[in-house]
Amino acid sequence: LPKVQSNLSHLLDLVGSGKESLIFMKKRIKRLTAQWALAAQRLERKLGGTRRDTEKILIHIGFLTEETGDVFSPRVLKGGPLGEMVQWADILAVLYVLGHGLRITVSLKELQSLLQPGVPPGRGNCPLTVPLPFDLIYTDYHGLQQMKQHMGLSFRKYRCRIRVIDTFGTEPAYNHEEYATLHGYRTNWGYWNLNPKQFMTMFPHTPDNSFMGFVSEELNETEKQLIRGSKASNMAVVYGKEPGIWKGKEKFLSILNKYMEIHGTVYYESQRPPEVPAFVKNHGLLPQPEFQQLLRKAKLFIGFGFPYEGPAPLEAIANGCIFLQSRFSPPHSSLNHEFFRGKPTSREVFSQHPYAENFIGKPHVWTVDYNNSEEFEAAIKTIMRTQVDPYLPYEYTCEGMLERIHAYIQHQEWARNASVAPGAWPPGYSLQAWLAEAGRACTDACLDHGLVCEPSFFPFLNSQDAFRKLRVPCDSTESEMNHLYPAFAQPGQECYLQKDPLLFSCAGASTKYRRLCPCRDFRKGQVALCQACL
Ligand code: UDP
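Residues numbered from 1 in each chain as written. Predicted model: local features only at pLDDT ≥ 70, side-chain atom pairs only at ≥ 80, totals over all residues. Heavy atoms only, no water.

**A look at the pairing of strand 11 (residues 322-332)**
Right, on to step 1. Within strand 11, eight of the eleven residues are buried, which leaves the element mostly enclosed by the surrounding structure.
Right, on to step 2. The sheet contact formed by strand 10 (residues 300-302) and strand 11 spans three bridges and is parallel. In the sheet register, L300 faces strand 11, and the bridge partner there is I322.
Right, on to step 3. Here strand 11 pairs with strand 12 (residues 349-351) via two bridges, running antiparallel. Within the sheet, the bridge partner assigned to H332 lies in strand 12 and is V349. (Buried < 20%, exposed > 50% of the residue type's maximum accessible area, 1.4 Å probe, protein only. Helix = DSSP H or I, 4+ residues; strand = E, 2+ residues; numbered from the N terminus. Pairing = 2+ DSSP bridges.)

**Looking at the site of the ligand**
Right, on to step 1. Neighbouring residues of the ligand: 16 residues in total, closest L82, Y239, K241, L286 and E315.
Right, on to step 2. Note that a nitrogen atom of the ligand is positioned 2.7 Å from one of the backbone N or O atoms of L286.
Right, on to step 3. Protein chains shield 94% of the accessible area of the ligand, which is 540 Å² for the free molecule.
Right, on to step 4. Cavity membership is defined here by more than half of the atoms lying within 2 Å of grid points; on that basis the ligand lies in the second largest pocket.
Right, on to step 5. Going through the elements one at a time, helix 4 (83-97), helix 12 (288-297) and helix 13 (312-318) are the ones with two or more residues in the shell around the ligand.
Right, on to step 6. Classifying every residue of the shell around the ligand gives ten nonpolar, four polar and two charged. (Near = heavy atom within 4 Å. Polar contact = N/O pair within 3.5 Å; in protein donor to acceptor, adjacent residues only side chain to side chain. Areas by Shrake-Rupley, 256 points an atom, 1.4 Å probe, with all protein chains shown as cover. 1 Å grid on protein atoms, 1.4 Å probe; cavity = no way out; pocket = protein on both sides within 12 Å on 5 of 7 lines; lining within 4 Å. Sits in = over half its atoms within 2 Å of the grid points. Nonpolar A, V, L, I, M, F, W, Y, C, P; charged D, E, K, R; others polar.)

**What to know about the pairing of strand 4 (residues 162-165)**
Right, on to step 1. On strand 4, burial covers both faces: I162 and V164 on one face and R163 and I165 on the other are all buried.
Right, on to step 2. Both strand 3 (residues 136-139) and strand 4 contribute to a ladder of three bridges, which runs parallel. Residue pairing across strands places I137 opposite I162, the latter belonging to strand 4.
Right, on to step 3. Direction of pairing for strand 4 relative to strand 5 (residues 199-201): parallel, over a ladder of two bridges. What sits directly across from I165, in strand 5, is M200.

**A short note on the state of the cysteines**
Right, on to step 1. A full pass over the atoms with the stated rule returns five disulfides.
Right, on to step 2. For C442, the disulfide goes to C517, at an S-S distance of 2.1 Å. The chirality of the disulfide connecting C442 with C517 is left-handed, given an S-S dihedral of about -80 degrees. In this pair, C442 sits in helix 17 (residues 442-448) while C517 sits in strand 19 (residues 514-520), placing the two residues 75 residues apart along the sequence.
Right, on to step 3. Judged by its relative accessible area of 0%, C517 falls in the buried class.
Right, on to step 4. Note on cysteine connectivity: C530 is disulfide-linked to C533, with sulfurs 2.3 Å apart. Its S-S torsion of approximately 100 degrees makes the covalent link between C530 and C533 right-handed.
Right, on to step 5. Given a relative accessible area of 1%, C533 falls into the buried group.
Right, on to step 6. Ordering the disulfide-forming cysteines of the chain by sequence position, one finds them joined as 1-7, 2-8, 3-6, 4-5, 9-10.
Right, on to step 7. Not part of a disulfide, C321 finds its nearest cysteine sulfur in C398, a span of 19 Å. (Disulfide = S-S within 2.5 Å.)

**What to know about the packing of helix 3 (residues 33-47) against helix 16 (residues 398-411)**
Right, on to step 1. For the pair helix 3 and helix 16, interaxial distance at closest approach is 8 Å and the crossing angle is 50 degrees. In terms of their interaxial angle, helix 3 and helix 16 are classed as oblique. The two elements helix 3 and helix 16 cross, and the hand of that crossing is right-handed. Of helix 16, the residues touching helix 3 (which contributes Q35, W36, A39, A40, R42, L43, K46 and L47) are C398, E399, M401, L402, E403 and H406.
Right, on to step 2. Its residues placed into classes, the contact of helix 3 with helix 16 shows eight nonpolar, two polar and four charged. (Axes fitted to C-alpha atoms, helices over the stretch in contact; angles between N-to-C directions. Parallel < 35°, antiparallel > 145°, perpendicular 65-115°, else oblique. Left-handed = near helix turned anticlockwise from the far one by under 90°. Contact = heavy atoms within 4.5 Å.)

**Examining the pattern of salt bridges**
Here the idea is simple: oppositely charged side chains can pair when their charged atoms come close.
Right, on to step 1. Counted by the stated rule, this structure contains 20 salt bridges.
Right, on to step 2. Of the charged contacts, one joins D389 and R228 as a salt bridge, the two residues approaching to 2.7 Å between their closest N and O atoms. Taken together, the residues D389 in the loop between helix 15 (373-385) and helix 16 and R228 in helix 10 (residues 221-230) connect sequence positions 161 residues apart.
Right, on to step 3. With relative accessibility at 38%, the residue R228 sits in the partly exposed group.
Right, on to step 4. Of the charged contacts in the structure, one is a salt bridge between D465 and K469, with a shortest N-O distance of 3.3 Å. Of this pair, D465 and K469 are both found in helix 19 (residues 464-469), four residues apart, which corresponds to roughly one turn of the helix.
Right, on to step 5. Classification of D465 as partly exposed rests on a relative accessible area of 35%.
Right, on to step 6. On the accessibility criterion, K469 (66% relative accessible area) is exposed.
Right, on to step 7. One continuous salt-bridge network, built from bridges that share partners, spans K19, E66 and D70. (Salt bridge = Lys/Arg side-chain N within 4 Å of Asp/Glu carboxyl O.)

**Observations regarding the sheet that holds strand 4**
Right, on to step 1. Strand order in this open sheet of six strands is 2-1-3-4-5-6, and the pairing throughout is parallel. At either margin of the open sheet sits one strand with a lone partner, and together these are strand 2 (101-105) and strand 6 (210-211).

Following this line, the structure appears as structure tokens:
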């Protein structure tokens, strides 16, 4: 049995060096070592003697390879996106702490040599499939492409061992190559025909994918006490490191400036960025620990609509700030916003940070209509008077992330072993079936009942018998490929079954159908896991 590792110094050697992105990740791992160690001990106690396998794991971070251009590394110190780096650092830490054997690469050459250790070439046009020296591979969309090119026939055979870190998620309709092509689910990314659970997201978007997440630093009681005493009720920090997000925000800034001292962490080279008004105290891009310190003093963390769904609001709330953000009406999506265009998801985003809005909410998170200045101003005044304690959802603590990823590695056998029956994990008895209202997706229909959609239970609902049990009056039943099926169409009293299991999807809705939804319970603060899942 593998022991959990609480000494991360060997992991730091495995990460390699030379790129700013890797330096950022190593600093983060080092800083969080004590938290990981504590969480590992707690998890060990919680799991008792349950069986654990040691896996040989390859981690190939495709977006940091030179072949994809690696546009991220040079921007680490210049205000570029850091969310991906935060997440990868935490993934490395989790897999290492859980005691698995890791190989980490950000180089295509190295990837190639790791995947083909001295195997004889195939004869003529009859290439050999080579044994894969890894049980699991964590990569991203870029890495996936690189592996496919390199592995040839072996790719099909071993793709079930791959996990794709995919920030915004990939819905089944976009993943299914034939269906996406036929029905215009056109994207730059989809079409891989993987099990949708192999895609792992940054936030729990749709349960069709696995929720990977990341962690935020946790405060102990003494630190929480200190924060309570040192908050400046009139200090605000603006969310965003790039000057662009300040454009056109003069009106809000001047309202905010009437009540609070405004701080920013906008990157600049020599001069103050012209987008940032003179009354703002701009610190420039701060190293992560100093950014945390700034959040500890501030009362308000305020978002102006971009970036979407990053780690910073969770860090702010964990450090006792209130997060104020704008409601998007109409919602942003791949249909109407450049940022989401080409992403393999139809998800509608109703605010800058839907997780903060829906999973945390008041008093920590205020989502208001910024077009209404009175509403905006009133929110600021109320926030200044509102007392909140630092808060971090369990699923974003080190222990929560360890628990979740441990469960995935232990139980996500469907991909590696085709004979595993549906309902083996999560256990089938946690299924609760609901017939959604017309136009309602299963993701939402389950949430309406305080439950979460569980795609692995769809096979249990895909039968005439399931319709009968839910007292759905089917005049006729047909089986077709449609990501909304199984479903009931009211006008003709027609029932539809799903023909291709790869298309089972929690996401997706149409006013034409009432969908049959497989829901399950979840652990408080750990939406990815059912009550009986550990
Ligand atoms: N961050 C930082 N220095 C700053 C501002 C932010 O190190 O001055 C960090 C912050 O701690 C967070 C990370 O940047 O973990 C990513 O933040 P964000 O939510 O802005 O997401 P991004 O758009 O960078 O992916």
